[in-house]
Amino acid sequence: MALGVATPAIAQENQADESAAEERSANSNAIVVTATRREQTLQEVPVAVSVVSGELLDDSGVSGVDQISQAVPSVTFTQGNNENNSSLNIRGIGTNVFSSGVEPSVSIVFDDVVMARAGQGFQDFIDVQRIEVLRGPQSTLFGKNASAGVVSVTTKDATDYLSGEFDAMYAEGNEYQVRGSVSGPLSDGIAARVSAFYKQYDGITENLFNGDEYNGYEAWGVRGKLQADVTDSLSLEFIGDYRDSTSTPTFVLADALNPTVVEAVAPLELGISNTDVNINTPPRSDSEQRGAQMNAEYLFGNDFVLNSTTAVRSYDFENNIDVDSTPLSAPPADRSFFLWDLNNGTTQLTQYSQEIRLESPDLGGFDFLVGAFAYYVDLDSTFQRRWVFRNAAGNEVPRSGQFNSSNQTTNLAAFVSGNVYLGDLNLFGGLRVIHEKLEWEVFRDPANVVVPGDIALPGAAGQPADFSGSTDDTAFTGNIGARYDFGAGNVYASYSRGYKGQGFNTAFASLEGSEPVEAETVDAFEVGAKLSTWDDVFSVNLALFYTQYQNYQAQAQRPNDITFELTNAGDISTKGIEIETVFQPTDLTTFRLGATYMDAKIDDFPGGPCFDGQTEAQGCVNNAQDLSGADLPNAPDWRLTGFARQIVPFGDDAPVDGFVQGNFSYQSSVQFDLDQNPLSRLDGYWLVNASIGVESKDDDYSVSLFVRNLFDQNLPQRIGFSSATGGRVTAQVWRNQERYFGIQGRFSF
């Protein structure tokens, strides 16, 4: 999106224009976006942004934020063993750390409210109007630190007439989902919309120990909107939502270096395509979140617009996983081994945010926006871990420990942005001043074991900790650029300064005396072109980018320890080219293609961590290696996405027409660990989905049959090496790892 024609305005869009804009763009390549009460097409806006409509999400089988990479080529998803350990990357940059004291580099936003942590953002798509993916740093106008980009989800507004939308899906594996919404007027000038969903899936993973199925879920949620035109000048919007989720995420074994593990999990067959486990402790991951917000807009007589967004959100999370990955309830009697069945953590988060913006109209060759932002997050975490170890003397040694931490973040900011129009040349720019304070408390008493009689854990997790601290920072961010219009489109060039605040390691093994990691700063350069034919039959958006990060925030495993530490991984950069095209030769045929080539590397990190077992000949000297020139985690060189849809007319007398459609995504091989462990590299793969069905000529209902992963590409979502239990290669499996079929129906009025 752009303010005027240039700067990000996720939270600045005029809601009165939104429905009309989306309606006009539903069957057109000239996607209409609005900012400061002015409409422009996507081809006119000099910002690298991908816009995906709710209809296209449904057609592509994309039902949640974690699947957005299937529709946007510059996005990758890093799946962890629960939603809090998962992350999104844009242009190869993301944040994948265990510490709750670090915010994500990619901000996830629902209805103009930023989610403080990535786990809150991995929500289901229900009643979605569109998704906007802004690529590159968005730290000038956005409202919160976003050093890599923004994924913003906008849900549908209430209507001034009675309407409803309902859909249901059933697929192999006992997966089903139902969604629905009802909207309409309550009185003159007041309208409401209520949406709800329920979904469940048994799981892709069979537990050979007891026959249970894991990596499944059960979730439900509800969202309500109340919109009121109080006067001709003042409008109010109230939004409330609630979501409850219970899931069973667990990693599987692709390989094990310890023969004891191989023997214990038999007859489980280990391999890169393995989807099953043999464990004695059921995994679980439960989350509950709710939110409330009020948006207010006041239109002055001189066409200035004052906007206010006030929000409060809460998020509760708990999970446990069987880390040793075996069905053993006691260590083998004839060898050294430890069991690890308790690895439990909880998170309780509350956040408050307030943003105020004053937008000018066109003042005769220029416009501007000024605003202020306030944000506060209070996050508490607990953790429990227990081992049962058999030492070389044959004795069982149970070890355990507990941990508590809290983080508070306060962010205050003021910003200004403007545009100057000089005929076909537009100059744009903005500035933001940010003051952020991070506070933390950590407590760990090694004597506070989980089971009486246990002894303390070894390493950092068994050392006493009782400390608190704080740090604050003031930073300036901004952007500047120019756009030149010509008949077929425009070309543009821009520079942006991005920022992500300081962080502190409040993970389980946090140690007193540790220093907070420095703020992540970004310098981003971009040149682009947006072209389209006069009738919008064909459009193409191009962007060349070069982005350099200083003090990139990452984590690495401590030497001779299974715990992790937070670190600044030196300087990194990502550069490449992006292309997105839409070709719609007739009203019956649509093609979309997206491609990203990127080179995301560590520029300078001479003291990087070694991978487990790395020798001096392989570059590990004094427990450090030079990672300069190494790949960034989960940053493939190539990503492709595509979509095609063909409507097949059945004749004027038939109540329905047929359709056939398909979509694909591809990514080249990736490295998942910062330390470049060769066992943590995953080959490239294709994902192809297809469906066929019928829909009414008035688009009121449709029925379709679909297949996901048509060519049965049996590769996991993520692979990595863990030194636990003697060393093993672990994989995170996903729903689309195996081919499956289903049926879907939709009805609206």
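Before any of the text, the structure's been laid out above.
Quick summary incoming for the structure in this document.

Cut-offs and rules
Residues numbered from 1 in each chain as written. Predicted model: local features only at pLDDT ≥ 70, side-chain atom pairs only at ≥ 80, totals over all residues. Heavy atoms only, no water. Pairing = 2+ DSSP bridges. Helix = DSSP H or I, 4+ residues; strand = E, 2+ residues; numbered from the N terminus. Axes fitted to C-alpha atoms, helices over the stretch in contact; angles between N-to-C directions. Salt bridge = Lys/Arg side-chain N within 4 Å of Asp/Glu carboxyl O. Buried < 20%, exposed > 50% of the residue type's maximum accessible area, 1.4 Å probe, protein only.

**Focus on the sheet that holds strand β17 (residues 252-256)**
Spatially, three strands are ordered β17-β39-β38 in an open sheet, and the strand pairing comes out antiparallel. Unpaired on one side and paired on the other, β17 and β38 (718-722) mark the two borders of the sheet. Pairwise comparison of adjacent strand axes, ignoring direction, gives a mean angle of 25° for this sheet. Strand direction decides the pairing type here: β38 and strand β39 (residues 728-732), joined by five bridges, are antiparallel. Along β39, the bridge assignment pairs Gly-720 with Thr-730.

**Some words on the pattern of salt bridges**
The full count for this structure, using the stated rule, is 33 salt bridges. Note that Asp-127 and Arg-193 form a salt bridge whose closest N and O atoms lie 2.5 Å from each other. Remark: Arg-193 occurs in strand β12 (residues 190-201) and Asp-127 occurs in the loop between α3 (118-121) and β8 (128-135); sequence separation between them is 66 residues. According to the relative accessible area criterion, Asp-127 is buried, its value standing at 12%. Linking Glu-175 and Arg-735 is a salt bridge whose minimum nitrogen-to-oxygen distance equals 2.9 Å. Of the two residues, Glu-175 sits in strand β11 (residues 175-187) while Arg-735 sits in the loop between β39 and β40 (740-748), which places them 560 residues apart along the sequence. Note on Glu-175: relative accessible area 7%, which makes it buried. The class for Arg-735 is buried, based on a relative accessible area of 18%. Sharing partners across several salt bridges, the network here consists of Arg-91, Arg-135, Glu-526, Glu-578 and Glu-580.

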